[in-house]
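# Fold and contact review
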Amino acid sequence: MAPLRHYTDILLLFILLLISGVVFLRRRNGLPINWPLLGMTPEILLNIHRIHNFATDFLKLSNGTFLLKGPKFANIDMLFTSDPANIHNILSKNFPNYPKGPDFRRIFDILGNGIFNSDHELWELHRKTTTMSLFKHPNFHMILETTIKNKIDKGLLPVLDHYPETDLQEIFQRFTFDAICVLLLDYDPESLSVDLPFVPCEKAFTDAEEALLLRHFLPEKVWKLQKRFGLGKEKKLSEAWKAFDEFIYKCLSQKEVKCYNKLCTSEYNILFYCFC
């Protein structure tokens, strides 16, 4: 038994030295530790509440491009880049070489088969349809400018005057939500008002973002199991999906009734019909 205990002590000492060495290197270069088997998952979980700042930190320390290693058994390694040359190459110069692929579509299933989830010919079709019907419409820029100006004057400025200290992230999220609804649905939910009302669809965006972000760091089998049994963030994502559908279908239904009764007088009908 004595030799066995001796070897156990040596093994424990080796593991302790290995951990100390890794931590020392981490403190020297500031980058996440790539642990055996676990990859960089421990640091991801420790920084999940500040994930954007965490990503900014390791990109700064790695000259703008960094490979974030996931667990060995999960196959969720991710390459991050903030290098302008890389971004131009991916999004413009060699865009066809970077299809989103089936993994992306499974993670962002809530987006359906629209332009954000499609590849190749279907993406080209969506792009041409959106560009020709929306962005090249002669009144698009005028409508966009009018919408933003109205929302600033009647929503943003009154709220900022009323609340000397406030959460700017929430304020501008409400601002964006209202502006998009006016542009695409000709309906202002007025989530950005002095009383900051609770709007289920607006709140659903935050819940959906958090759940979709977490899917990037969890093995697919784990988040699919959570989705099946309605657990954790997947439960909130399902509720958010339902809130989106109810809100959008309600707006479309109301618009259809108004147009049927010839009550459509708003200049924003142009954008509404582009997406019908």
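Refer to the preceding data block for the structure.
Attention here is on the structure that accompanies the text. Since we're looking at a predicted model, the values are computed, not measured. (Residues numbered from 1 in each chain as written. Predicted model: local features only at pLDDT ≥ 70, side-chain atom pairs only at ≥ 80, totals over all residues. Heavy atoms only, no water.)

## Comments concerning the pattern of salt bridges
The condition that has to hold: Whenever Lys or Arg places a side-chain nitrogen within 4 Å of a carboxyl oxygen from Asp or Glu, that contact is recorded as a salt bridge. Under the DSSP-based scheme used, a helix requires at least four consecutive residues in state H or I and a strand at least two consecutive residues in state E, with every element numbered from the N terminus. Burial status follows relative accessibility: with a 1.4 Å probe on protein chains alone, a residue under 20% of its type maximum counts as buried, one over 50% as exposed, and anything between as partly exposed.
Scanning the model with the defined rule gives 16 salt bridges in all. R106 is paired through a salt bridge with E220; the nearest N and O atoms lie 3.0 Å apart. Pair noted here: R106 is in helix α5 (residues 101-107) and E220 is in helix α10 (residues 220-229), with a separation of 114 residues, a long-range link. Overall, R106 belongs to the partly exposed group, its relative accessible area being 32%. According to the relative accessible area criterion, E220 is partly exposed, its value standing at 29%. In this structure, K151 and D188 form a salt bridge, with 3.0 Å as the shortest nitrogen-oxygen distance. Taken together, the positions of K151 in helix α7 (residues 140-162) and D188 in the loop between α8 (168-185) and α9 (200-215) put the pair 37 residues apart, joining distant regions of the chain. You can call D188 partly exposed: its relative accessible area is 30%. One connected set of salt bridges, linked through shared partners, spans D103, R106, E220 and K224.

## Some details on the environment of I87
For the record, the criterion: Residue contacts follow a heavy-atom distance rule, with two residues in contact if any of their heavy atoms lie within 4.5 Å.
Mapped onto the elements of the fold, I87 is located in helix α4 (residues 84-93). Owing to a relative accessible area of 34%, I87 belongs among the partly exposed residues under this scheme. Other than its neighbours up to four places away in sequence, I87 contacts T81, S82 and S92.

## Re the packing of aromatic side chains
Threshold: The criterion for an aromatic pair is that two Phe, Tyr or Trp rings (for Trp, the six-membered ring) have centres within 6.5 Å, with stacked assigned to planes under 30 degrees apart, edge-to-face to planes over 60 apart and tilted to the rest.
Taken as a whole, this structure holds ten aromatic pairs when the rule is applied. Geometrically, the ring pair formed by F58 and F66 is tilted, given 4.9 Å between the ring centres and 40° between the ring planes. One exposure class covers both F58 and F66, and it is buried. An angle of 65° between the planes, with centres 5.7 Å apart, marks the rings of F177 and F205 as edge-to-face.

## Comments concerning the side chain of R215
We apply this condition: Polar contacts, as used here, are pairs of N or O atoms within 3.5 Å; protein pairs need one atom able to donate a hydrogen and one able to accept it. Residues neighboring in sequence count only if both atoms are side-chain atoms.
Among the secondary structure elements, R215 is positioned in helix α9. Here the side chain of R215 touches R106 through a polar contact of 3.3 Å, landing on its backbone oxygen. Among the polar contacts listed, one links the side chain of R215 to the backbone oxygen of I107, at a separation of 2.6 Å. Apart from the residues lying within four places of it in its own chain, the contact partners of R215 are R106, I107, F108, D109, W223, K227, E234 and L237.

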